[in-house]
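# Observations on chain architecture
So you can see what is in the structure, the chains are spelled out below.
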Amino acid sequence: AVKNFIGLMKEGYAGDLTPEQKEYVDFAYESNEQQLELIDGFLKLARSDSGKSSLNKKIVNLGVLIKSVIDQQLGTLAERNQQCKLLSPDQSTDIMADEDYLRMAIENLVSNASKYTKPGGKITVSIEVYEKDMIITVKDSGVGIDQADIKRLFVKFSRIPNELSQSVGGSGIGLYLTKHVVDLHKGKIEVKSTL
């Protein structure tokens, strides 16, 4: 309800806003979005920890899904002056998966790549198709992770300190949930990085 009413104000349904009012309404809308994302994350975390996550598998085209995820983040990428491109093979990228969970996992990976990459940086998402497997790789020109910290990446509420971690914020559950989604799909997630 809060989102809807603020959205109506942003669209001018309550009359024209002064520049100062518009600034406050925009700030309120963004704050509300962050709260909704946080609540949604905690609900997913609760389902994950209770073992009640179940997959609703269907045929999903990975290329289409990943392009959609990147397109949704274009505004943020533009604000950060970052480029993100998708490298998709010519052959089919259809898999049996839970589209909603897989979208969440890929959103988390692309969002993290953007958060920890400085303005002007590059992010590449690629799909490789093998006989029985597909590999999705998210590569960025970001600040990197020390080898000793990699094992902490997928731990609930864990945030690794670096030069950007204070400014970008976060709850420390995104990568934990991403690993849970990959595990549910009988997949594997790996990290290769250096500072």
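Preceding block: the structure.
A few points on the structure. (Residues numbered from 1 in each chain as written. Predicted model: local features only at pLDDT ≥ 70, side-chain atom pairs only at ≥ 80, totals over all residues. Heavy atoms only, no water.)

## With respect to the overall build of the protein
Put simply, the test is: Here a strand is any run of E in DSSP of at least two residues, a helix any run of H or I of at least four, and the numbering for each starts at the N terminus. Throughout this description, buried means an accessible area under 20% of the type-specific maximum (1.4 Å probe, protein chains only), exposed means over 50%, and partly exposed covers the range between. Contact between two residues is taken to exist if any of their heavy atoms lie within 4.5 Å; hydrogens are not considered. Per-residue and other accessible areas follow the Shrake-Rupley method at a 1.4 Å probe size, with only the shown protein chains counted as cover for residues.
Across its full length, the protein carries 7 helices and 5 strands. Beginning at the N terminus, the succession of helices and strands in the protein can be written as α-α-β-α-α-β-β-α-β-β-α-α. Looking at the 195 residues of the protein, the share that counts as buried comes to 31%. Taking the contacts inside the protein whose residues are at least 6 apart along the sequence as the reference set, 69% of them involve residues at least 24 apart. By element, 52% of the accessible surface of the protein is carried by carbon and sulfur atoms, the whole surface being about 12600 Å².

## Considerations on the pairing of strand β4 (residues 122-129)
Which entries qualify depends on this criterion: Here a strand pair is declared whenever DSSP counts at least two bridges between the two strands.
In this sheet, β4 lies alongside strand β2 (residues 83-87) in parallel orientation, the contact comprising 5 bridges. Within the sheet, the bridge partner assigned to Leu86 lies in β4 and is Val125. When β4 meets strand β5 (residues 134-140), the two strands line up antiparallel, connected through 7 bridges. Across the sheet, the residue bridging to Thr124 is Lys139, located in β5. The hairpin turn running from β4 into β5, its antiparallel successor, is 4 residues long.

## Side note on helix α7 (residues 174-184)
When we look at burial in α7, the residues that qualify are Leu175, Leu177, Thr178, His180, Val181 and Val182. Following α7 by one or two positions, Lys186 has its phi on the positive side, about 60°.

## Structural notes on a nonpolar patch on the surface
Heads up, the rule is: Exposure above 30% relative accessible area and no salt bridge define the residues that can form patches, which grow by joining like charges within 9 Å and nonpolar side chains of Val, Leu, Ile, Met, Phe, Trp and Tyr within 5 Å. The salt bridge criterion pairs a side-chain nitrogen of Lys or Arg with a carboxyl oxygen of Asp or Glu, the two atoms within 4 Å.
Residues Phe5, Leu8 and Tyr13 make up a contiguous nonpolar surface patch of roughly 390 Å² in combined accessible area. Here Tyr13 is to be found in the loop between α1 (2-10) and α2 (19-49). Accessibility expressed as a relative area gives 65% for Tyr13, which makes it exposed.

## Digging into the sheet that holds β2
Note the cut-off: Between N-to-C directions, angles cover 0 to 180 degrees, with each direction set by a line fitted to C-alpha atoms, over the stretch in contact for helices.
Ordered in space as β2-β4-β5, the 3 strands form an open sheet in which the pairing is mixed. The two strands at the open ends of the sheet, each matched to only one other strand, are β2 and β5. When the angles between neighbouring strand axes are averaged without regard to direction, this sheet yields 10°. Sitting on the sheet, helix α3 (residues 62-72) is in contact with β2, β4 and β5, with an inclination near 175° to β2. In this fold helix α5 (residues 99-115) packs onto β2, β4 and β5, with an angle of close to 20° to the strand it touches most, β5.

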